Amino acid sequence: DTGVSQDPRHKITKRGQNVTFRCDPISEHNRLYWYRQTLGQGPEFLTYFQNEAQLEKSRLLSDRFSAERPKGSFSTLEIQRTEQGDSAMYLCASSIGQRNTEAFFGQGTRLTVV
Amino acid sequence: GDSVTQMEGPVTLSEEAFLTINCTYTATGYPSLFWYVQYPGEGLQLLLKATKADDKGSNKGFEATYRKETTSFHLEKGSVQVSDSAVYFCALTGTGTASKLTFGTGTRLQVTL
């Protein structure tokens, strides 16, 4: 297993378009997290899944954002009607779901909305 | 809510200098504390962690001690190398079941010869 992978690495889109990102976690990890990181800031929590169940969503996750994790494997994050303020690095992380265990991060998808 | 405050960077040091990056936190209960590192072009990696008061996390010559009385988790290294140049993030997981990370803003370290 090569770790958490995210696709695409970079995405440039026009304002108002929809975009979808994919995250493939480490195979035995049952928890999957999405974070957003803007320039000069630390990552901010968006949402997480325990297997296929989405258990928590941040108030940062507006109704234009939706995340899924069908079958508890890969996850997708969709942003509808993108806005310039959505420009950021979107990070995915996975873990085995026990308290205090390490979360492994992917390299992220950098979204630029023009 | 939970929060983490880190010293602002960038921090520029000469090779073999002593490093301290300050980190303080606000959280209810007994959070777990982490330092993550992001090398240029790479994803975030766990550097070290401490899960209870007075624990010391250590890795690759870096150390940090969980100080509950001062709500701090300062990162130290006795002798930095050029290869330590990266962005360092202090983070915590609160007492909830999600184990979601709350990060500081990051501190960029530049080590020169």
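Heads up: the structure comes first, above all this text.
The structure reproduced in this document is the subject of the present report.

How each quantity is defined
- Residues numbered from 1 in each chain as written.
- Chains lettered and ligands numbered in written order.
- Predicted model: local features only at pLDDT ≥ 70, side-chain atom pairs only at ≥ 80, totals over all residues.
- Heavy atoms only, no water.
- Salt bridge = Lys/Arg side-chain N within 4 Å of Asp/Glu carboxyl O.
- Buried < 20%, exposed > 50% of the residue type's maximum accessible area, 1.4 Å probe, protein only.
- Helix = DSSP H or I, 4+ residues; strand = E, 2+ residues; numbered from the N terminus.
- Pairing = 2+ DSSP bridges.
- Axes fitted to C-alpha atoms, helices over the stretch in contact; angles between N-to-C directions.
- Core = buried A, V, L, I, M, F, W, Y, C linked by side-chain atoms within 4.5 Å.
- Contact = heavy atoms within 4.5 Å.
- Buried area = accessible area lost by both parts, 1.4 Å probe.
- Polar contact = N/O pair within 3.5 Å; in protein donor to acceptor, adjacent residues only side chain to side chain.
- Nonpolar A, V, L, I, M, F, W, Y, C, P; charged D, E, K, R; others polar.

**Here we look at the pattern of salt bridges**
- If you walk through the whole model with that rule in mind, you get seven salt bridges over all chains.
- With a shortest N-O distance of 3.6 Å, Lys-56 of chain B and Glu-63 of chain B are connected by a salt bridge.
- Each of Arg-64, Glu-83 and Asp-86 of chain A takes part in one network of salt bridges that share partners.

**Concerning the pairing of strand 10 (residues 86-93) of chain B**
All names here are of chain B.
- Here strand 10 lies mainly inside the structure; eight of its eight residues are buried.
- Bridge analysis of strand 5 (residues 32-38) against strand 10 gives seven bridges, and the strand direction is antiparallel. The residue of strand 10 that forms the bridge with Tyr-36 is Phe-89.
- Here strand 10 pairs with strand 12 (residues 107-112) via three bridges, running antiparallel. Of the residues in strand 12, the one forming a bridge with Ala-86 is Leu-109.
- Here strand 10 pairs with strand 11 (residues 101-103) via three bridges, running antiparallel. When the bridges of strand 11 are listed, Ala-91 appears paired with Phe-103.

**Let's talk about the sheet that holds strand 7 (residues 65-68) of chain A**
Residue and element names in this part refer to chain A.
- Sheet architecture is open: four strands sit in the order 1-3-8-7, paired in antiparallel fashion. The open sheet has two free edges, formed respectively by strand 1 (5-7) and strand 7, since each of these has just one partner strand. Adjacent strand axes in the sheet meet at a mean angle of 15°, parallel and antiparallel pairs treated alike.
- Of the strand pairs in this sheet, strand 1 and strand 3 (residues 19-24) are connected by three bridges, and their pairing is antiparallel. Paired with Ser-5 across the two strands is Asp-24, which belongs to strand 3.

**Brief notes about the nonpolar core**
Residue and element names in this part refer to chain B.
- Judged by nonpolar contacts, the single largest core of 26 residues is most densely connected at Leu-19, Trp-35, Leu-47, Leu-48, Phe-73, Leu-75 and Tyr-88.
- Only strand 2 (11-14), strand 3 (19-21), strand 4 (23-26), strand 5, strand 6 (45-50), strand 8 (62-65), strand 10 and strand 12 provide two or more residues apiece to this core.
- When residues in this core are grouped by element, the largest group, four residues, is from strand 10.
- For Tyr-88, the contacting residues outside a window of four places in its chain are Gln-6, Ile-21, Trp-35, Tyr-36, Val-37, Leu-47, Phe-62, Leu-75, Gly-106, Thr-107 and Leu-109.

**As for the interface of chain A and chain B**
- Taken together, the contact pairs 21 residues of chain A with 25 residues of chain B.
- A per-residue breakdown of the area chain A buries against chain B is headed by Arg-99, Asn-100 and Phe-105 of chain A, which together make up 33% of the total.
- On the surface where chain A and chain B come into contact, there are one salt bridge.
- Here chain A and chain B share four residue pairs in polar contact (both at pLDDT 80 or more) between them.
- Counting only elements with at least two residues in the side of chain A that touches chain B, the list comes to strand 4 (31-37) and strand 5 (44-50) of chain A.
- A total of four residues in the side of chain A that touches chain B trace back to one element, the largest contributor, which is strand 4 of chain A.
- Grouping the constituent residues of the side of chain A that touches chain B by class yields eight nonpolar, nine polar and four charged.

Structural measurements only, silent on function.
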